[in-house]
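# Commentary on secondary and tertiary structure
So you can see what is in the structure, the chains are spelled out below.
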Amino acid sequence: NNAIIVNDDADLEMVVRSAVFACAGTAGQRCTTGRRLILHDSVHDTVVEKLKKAYAQLRIGDPLADGVNYGPLHSKQGVEAYKQAIADAVAEGGKIEYGGKVIEREGNFVEPTIISGLRHDSPVVHRETFAPIVYTLKTKSLDEAISWNNEVKQGLTSSLFTKDLANVYKWIGPKGSDCGIVNVNIPTSGAEIGGAFGGEKHTGGGRESGSDAWKQYMRRSTCTINFSKELPLAQGIKFE
């Protein structure tokens, strides 16, 4: 249930490009898909309008065809989960800013969807749905946004967009994101092969790739070498 936090000093053009890739890429079916867009209230409306214009330019169709950048869901069950999430969001007070419908054509196609107006702790927001739905949430401060990022059960990946180094260090520090992957000025989706991949909380512990990859192919030993002529013993025990 990955979140992208956008601070009031963020580069909004970079935010929109990143959000389109993170939220609509692979039709929202990545484990690293952006599902919550936590926007400072001073930039919320601007980002939503820019994102709507960008979504309108997505080319929908056969993902194997040239020029197509948005394909179908993997199954009918995915379509049903999408429809249920849309219905629940509207029932909980959400406003559909873009999309929200099943596309009438062969295959499991649905519209990429943006929903605003929900509380940060709405049940549908906390429930992760593997579909191209992103919930935009208004926040008053970075501290509040971080607390919202951390309040869900999942903890795979997270992103913060800011130009302030103090914000960056807060975000990556012990009082920042509680996810396994903590990004700055890049989206939640995708993973660098050089970095360890994995999450926390209900996402599960452990990592793969990065430094953890080579550890699985090695036998590790703990070696202690005494170069002195003394024999120090554990717990300071002495034999007289």
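This section reports on the structure supplied with the text. The written sequence of each chain sets the order in which its residues are numbered from 1. Local features in this predicted model are restricted to residues of pLDDT 70 or higher, and side-chain atom pairs are both shown and tallied only at a pLDDT of 80 or more, whereas totals for entire chains, interfaces and linings draw on every residue. Values shown for side chains rest on all heavy atoms present in the structure; no hydrogens or waters enter the calculation.

This part is about the sheet that holds strand 7 (residues 157–161). The pairing of strands in a sheet comes from backbone hydrogen bonds and takes either a parallel or an antiparallel form. Taking strand neighbours across the sheet as the criterion, the 7 strands line up as 3-4-5-2-1-7-8 in an open arrangement whose pairing is mixed. Edge positions in the sheet fall to strand 3 (95–98) and strand 8 (181–184), since each has one partner strand and no second. Taking the axes of each pair of neighbouring strands and ignoring which way they run, one obtains an average angle of 25 degrees across the sheet. The pairing criterion for strands is at least two bridges between them, as found by DSSP. Segments assigned H or I by DSSP are reported as helices when at least four residues long, segments assigned E as strands when at least two residues long, and all are numbered from the N terminus. Taken together, the 4 bridges between strand 1 (residues 2–6) and strand 7 define a ladder with parallel strand orientation. In the strand pairing of strand 7, Ile4 is matched with Ser159. Contacts are assigned to residue pairs that have any heavy atoms within 4.5 Å of one another. Here an angle of 0 to 180 degrees is reported between the N-to-C directions of two axes, which are lines fitted to C-alpha atoms, with helices fitted over the stretch in contact. Its contacts with the sheet put helix 1 (residues 12–24) on strand 1, strand 2 (34–40), strand 5 (133–139) and strand 7, and the angle it makes with strand 1 is roughly 170 degrees.

Running from amino to carboxyl end, helix 1 crosses helix 2 (residues 44–55) at an angle of 55 degrees, the nearest separation of the two axes being 10 Å. Viewed along their axes, helix 1 and helix 2 adopt a mutual orientation that is oblique. Every pair of crossing elements has a handedness; the one defined by helix 1 and helix 2 is right-handed. Facing helix 1, whose interface residues are Leu12, Glu13, Val15, Val16, Ala19, Val20, Cys23 and Ala24, helix 2 presents Thr46, Val47, Lys50, Leu51, Ala54 and Tyr55. Oblique is the label for every angle not falling under 35 degrees (roughly parallel), over 145 degrees (roughly antiparallel), or within 65 to 115 degrees (roughly perpendicular). A crossing counts as left-handed when the near helix is turned anticlockwise from the far one by less than a right angle, and as right-handed when that turn is clockwise.

This part covers the state of the cysteines. Cysteine sulfur atoms are paired as a disulfide whenever they fall within 2.5 Å. On inspection of all chains with the given rule, the structure shows 0 disulfides. Lacking any disulfide linkage, Cys31 is separated from the closest cysteine sulfur, that of Cys179, by 12 Å.

Here we come to the nonpolar core. Ile5, Val6, Leu37, Leu51, Tyr55, Ile133 and Tyr135 are the most contacted members of the largest nonpolar core, which totals 49 residues. At 8 residues, helix 1 tops the list of elements feeding residues into this core. When residues no more than four places from it in sequence are discounted, the contact partners of Tyr135 are Arg35, Arg36, Leu37, Ala85, Ala89, Ile115, Leu118, Val124 and Val125. Buried Ala, Val, Leu, Ile, Met, Phe, Trp, Tyr and Cys residues that are joined via side-chain atoms within 4.5 Å together make up what is termed a nonpolar core. Only protein chains enter the accessibility calculation, which uses a 1.4 Å probe; a residue is then buried when its area is under 20% of its type maximum, exposed when over 50%, and partly exposed in between.

Quick look at helix 6 (residues 165–172) now. Of the positions making up helix 6, those classed as buried are Asn167, Val168 and Trp171. Projection of helix 6 onto a plane perpendicular to its axis shows the buried side chains occupying an angular sector of 100 degrees, all on one side. Opposite its buried face, helix 6 presents the exposed residues Leu165, Ala166 and Tyr169, each directed more than 90 degrees away. Summarising the contacts, the buried residues of helix 6 are in contact with strand 1, helix 5 (142–150), strand 7 and strand 8. Identification of polar contacts relies on pairs of N or O atoms within 3.5 Å, with a donor-acceptor requirement for protein atoms, meaning one able to donate a hydrogen and the other able to accept it, and with residues adjacent in sequence counted only if both atoms are side-chain atoms. One side-chain oxygen of the residue at the start of helix 6 lies 2.8 Å from the amide nitrogen of Ala166, identifying that residue as Asp164. Think of it as the arc spanned by the lines of direction from the helix axis to the C-beta atoms.

Moving on, we get to helix 5. What helix 5 keeps buried is the set Leu142, Ala145, Ile146, Trp148 and Asn149. The arc that holds the buried residues of helix 5, viewed along the axis, is 160 degrees, so those residues lie on one side. Along its buried surface, helix 5 packs onto strand 1, strand 2, strand 5, strand 7 and helix 6. Of the residues that open helix 5, the one with a side-chain oxygen 3.2 Å from the backbone nitrogen of Glu144 is Ser141.

Moving on, we get to the packing of aromatic side chains. Aromatic rings from Phe, Tyr and Trp, with only the six-membered ring used for Trp, were paired whenever their centres fell within 6.5 Å, and each pair was classed as stacked if the ring planes differed by under 30 degrees, edge-to-face if by over 60, and tilted otherwise. A complete count under the given rule lists 1 aromatic pair for this structure. Judged by centre distance (5.8 Å) and plane angle (90 degrees), the rings of Tyr55 and Tyr98 are edge-to-face. Residue Tyr55 is located in helix 2, and its partner Tyr98 is located in strand 3; the two are separated by 43 residues in the primary sequence. For Tyr98, a relative accessible area of 24% puts it in the partly exposed group. One Lys or Arg, Arg35, reaches over the ring of Phe130 and ends 4.4 Å from the middle of that ring. Distance and angle both matter: a charge sits over a ring if NZ of Lys or CZ of Arg is within 6 Å of the ring centre and within 35 degrees of the ring normal. Note that Arg105 overlies the ring of Phe109, its terminal NZ or CZ placed 4.3 Å from the centroid.

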